Amino acid sequence: MLIAEFPAGDFQTNCYLVAQAPGAEALVVDPGQDALPGIEELCARHRLQPVAALLTHGHLDHMWTVAPLADAHDIPAYVHPADRHLLTDPFAGFGYGMGAFFGSLEFQEPEDVRELADGQVIELAGLSLTVDHTPGHTPGHVTFRTPGTLFAGDLVLAGSIGRVDLPGGSMEEMLASLATRFLTLPDETEVLPGHGGRTTVGRERATNPFLLDLVAGGGR
């Protein structure tokens, strides 16, 4: 499996392109702010053709470019229904005070939006990804996993976890998601987070301060 990524925009949000191999169809995970040039560069470098855009959640820094990308390539965009409203009202996920920072922004849904369900298996581009609903960072946060790899969004970052203090966030739900959907994965699973470098489930289980109490309580 080919996985190529780059940090997009002011938020340095990781955008991933996933394909069976160079010269194949590809999935784009979390096309964030100003991500189109980076996506186009990776597609040219690896001879990839995007066939779908997958969103781990609806926050602005993860979905900023989803409509331009999806509509330009005539491909579907996938998002959990609990976060779908953020595609057209992104400040609802950050607080409307963010409007003063970004100024006037208008967003619209892609032409083809498909809603994700917990446990759904996405079979596209010759790949098979399982969707796990992992609320806490946002109500509609999901992760995508294949054997040995987890696209974690803002569920887990190297040495940290996603914020729970934004609108729709919940520490109770975050801890439940971590215990039941993250710590249950094999230690060797590679974790590709929404921000920062790659890590593994085992490394986070052993060192992530936000997980230590869960591990001690039997969250494996």
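Our subject is the structure that appears above.
The structure contained in this document is the topic of the report that follows. (Residues numbered from 1 in each chain as written. Predicted model: local features only at pLDDT ≥ 70, side-chain atom pairs only at ≥ 80, totals over all residues. Heavy atoms only, no water.)

So, about the overall build of the protein. When its secondary structure is counted, the protein shows seven helices and 14 strands. Scaling as 2.2 N^0.38, a compact globule of 220 residues should have a C-alpha radius of gyration of about 17 Å, and the protein matches this with 16 Å. Each principal axis of the C-alpha distribution contributes one length, and for the protein these read about 50 × 40 × 30 Å. Counting only residues that meet the buried cut, the protein has 55% of its 220 residues in that class. Across the protein, the fraction of contacts at a sequence separation of at least 24, relative to all contacts at a separation of at least 6, is 61%. Computing the positive centroid from 11 side-chain charges and the negative centroid from 29, the protein places the two 9 Å apart. (Helix = DSSP H or I, 4+ residues; strand = E, 2+ residues; numbered from the N terminus. Rg over C-alpha atoms; globule rule 2.2 N^0.38 Å. Buried < 20%, exposed > 50% of the residue type's maximum accessible area, 1.4 Å probe, protein only. Contact = heavy atoms within 4.5 Å. Lys, Arg positive; Asp, Glu negative; His and termini not counted. Charge placed at Lys NZ, Arg CZ, Asp CG, Glu CD.)

Our focus in this paragraph is the packing of aromatic side chains. Evaluation of the coordinates by the stated rule reveals two aromatic pairs. A ring pair is formed by Y16 and F151, whose centres lie 5.6 Å apart and whose planes are at 75 degrees; its orientation type is edge-to-face. Taken together, the positions of Y16 in strand β2 (residues 13-19) and F151 in strand β10 (residues 149-153) put the pair 135 residues apart, joining distant regions of the chain. A relative accessible area of 2% places Y16 in the buried class. (Phe/Tyr/Trp six-rings, centres within 6.5 Å; stacked < 30°, edge-to-face > 60°.)

Turning to the sheet that holds strand β4 (residues 49-54), a few remarks are in order. Spatial ordering of the open sheet is given by β1-β2-β3-β4-β5-β6, a layout of six strands whose pairing is mixed. Both outer strands of the open sheet, β1 (2-8) and β6 (113-115), are each paired with one neighbouring strand and no more. For this sheet, the mean angle separating the axes of adjacent strands, direction not counted, is 25 degrees. The pairing of strand β5 (residues 77-79) with β6 spans three bridges and is parallel. Along β6, the bridge assignment pairs A77 with V113. (Pairing = 2+ DSSP bridges. Axes fitted to C-alpha atoms, helices over the stretch in contact; angles between N-to-C directions.)

A few words now on helix α3 (residues 66-73). Residues of α3 that are buried: V66, A67, L69 and A70. Buried positions in α3, seen along its axis, are confined to an arc of 165 degrees and lie on one side of it. One or two positions beyond α3, positive phi appears at D74, with a value near 55 degrees. (Arc of directions from axis to C-beta.)

On to helix α5 (residues 171-182). Within α5, the full set of buried residues consists of M174, S177, L178 and F182. Looking straight down α5, one finds that the buried residues subtend no more than 100 degrees of arc, so they occupy a single side. Looking at the buried positions of α5, the neighbouring elements they touch are β10, β11 (156-157), β12 (160-161), β13 (190-193), α6 (201-207) and α7 (212-216).

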